[in-house]
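As a plain string of letters, each chain reads:
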Amino acid sequence: CLCLFFFGARSNPASSVYPDRLSEIRAYIDQYAVKDFSAEQAEHGAALGYLSGLDDPYYYYWTESKYAEQLSSMEGNFTGIGISLKSEDPISDGLFVYRVLGNSPAEAAGLKAGDLIVELNGRSVLGRPYQEVYDEFAENPDAGVTVTVLREDKSQTFHVGFEQFVQRYVDFRMIDRVAYIRIHEFWSPAISEFRAALTELMAQNPCGLILDVRNNLGGGLDVVTEILEPLIPKGEECVVLKYKNHEEILYSEEERSVHVPITVLMNENSASASELLSSCLRDVCGAHLIGDRSLGKGVGQTLFTLTDGSVVKITTFYYMTKSRVN
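Conventions used here
- Residues numbered from 1 in each chain as written.
- Predicted model: local features only at pLDDT ≥ 70, side-chain atom pairs only at ≥ 80, totals over all residues.
- Heavy atoms only, no water.
- Disulfide = S-S within 2.5 Å.
- Buried < 20%, exposed > 50% of the residue type's maximum accessible area, 1.4 Å probe, protein only.
- Helix = DSSP H or I, 4+ residues; strand = E, 2+ residues; numbered from the N terminus.
- Pairing = 2+ DSSP bridges.
- Right-handed = clockwise from strand over helix to strand, strands pointing away.
- Axes fitted to C-alpha atoms, helices over the stretch in contact; angles between N-to-C directions.
- Contact = heavy atoms within 4.5 Å.

(A) Local environment of the state of the cysteines. Taken as a whole, this structure holds zero disulfides when the rule is applied. Here Cys285 is not cross-linked by a disulfide; its sulfur's nearest cysteine counterpart is in Cys280, at 6.9 Å.

Structure, rendered in structure tokens:
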């Protein structure tokens, strides 16, 4: 999902009452319908339908239980093999592995981003519907899956088990004398992972720092501002937030600890928090941005907790950095 979130409950400005027509529909259902009726499913659909009145492609609604699952995944908790696939229907050349999650069974087995899955459990995926193949991955979790991939035109086969794992959001290493950090998503575990990586790499006295946010679709506003803190001077603008009726400027509150040239790698799938980080470093530190033009989201969402524990997400602000370019 493309996201730049504010978290936490917000005050409810007014009590919303569904239109009387829904009560009328329910009365007809109760009196005449011969099929079973799920009030929970209907309320979920009604909430999503009501939000669809917004000219906002980023709205969403979660029930309390579904939001708990969402929060768990944001914290990196997963069950499965740990790969992200590019959807194509029907599958022509194979299933492209978009990402292998850090600490996942897929990573341990040896799968890599860029692999092209051509067989699943001994059966070709070519020409098959995407959803059919996707569902097959979870058909027998106790047994796991066997995948055959093409990697650099060579065929390799891997067996991958299903496990519970906590994904890693940050990868890092030294490349010659240059520190390299890849940030996969901006969720809360990324803060401590990034700080630890930065400390270890800066201790090796690098001559430069590369931040890689390719294919990073975003995350939490508080996370990206925390990651910016050691990279920009104290008192500098991290981000300018333009709300419906006011503007807010967030400033760096820490002393800068990185004093080497910074380069940011981006592509067309760098969005939201990735764009905020990149443009802030460009405007404040003169960082070089290398790669393809990013997605260009430019807006962020706030999560509002309703009285029954369910949560809605709507776009509530535009974000800019020091140059005031959205």
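(B) A look at the pairing of strand β17 (residues 262–266). For β17, a buried count of five out of five residues is recorded, marking the element as mostly surrounded by other parts of the structure. Here β17 shows two buried faces, one formed by Ile262, Val264 and Met266 and the other by Thr263 and Leu265. Here strand β13 (residues 208–212) pairs with β17 via four bridges, running parallel. In the sheet register, Asp212 faces β17, and the bridge partner there is Leu265. As paired elements, β17 and strand β18 (residues 288–291) share four bridges and run parallel to each other. Paired with Leu265 across the two strands is Ile290, which belongs to β18. Between the parallel pair β17 and β18, the chain is carried across by helix α8 (residues 273–285), and the sense of this crossover is right-handed.

(C) Inspection of the sheet that holds strand β11 (residues 170–175) at higher detail. With mixed pairing, five strands are arranged side by side in an open sheet as β11-β12-β13-β17-β18. A strand with exactly one partner marks an edge of an open sheet, and here the two such strands are β11 and β18. Geometrically, the sheet is characterised by an average inter-axis angle of 20° between neighbouring strands, direction not taken into account. Sheet topology places β11 next to strand β12 (residues 178–183); six bridges connect them, and they run antiparallel. Following the sheet pairing, Phe172 is matched in β12 by Ile181. This element, helix α6 (residues 189–202), spans β11, β12 and β13 of the sheet and lies at about 10° to β11. In this fold α8 packs onto β13, β17 and β18, with an angle of close to 150° to the strand it touches most, β17.

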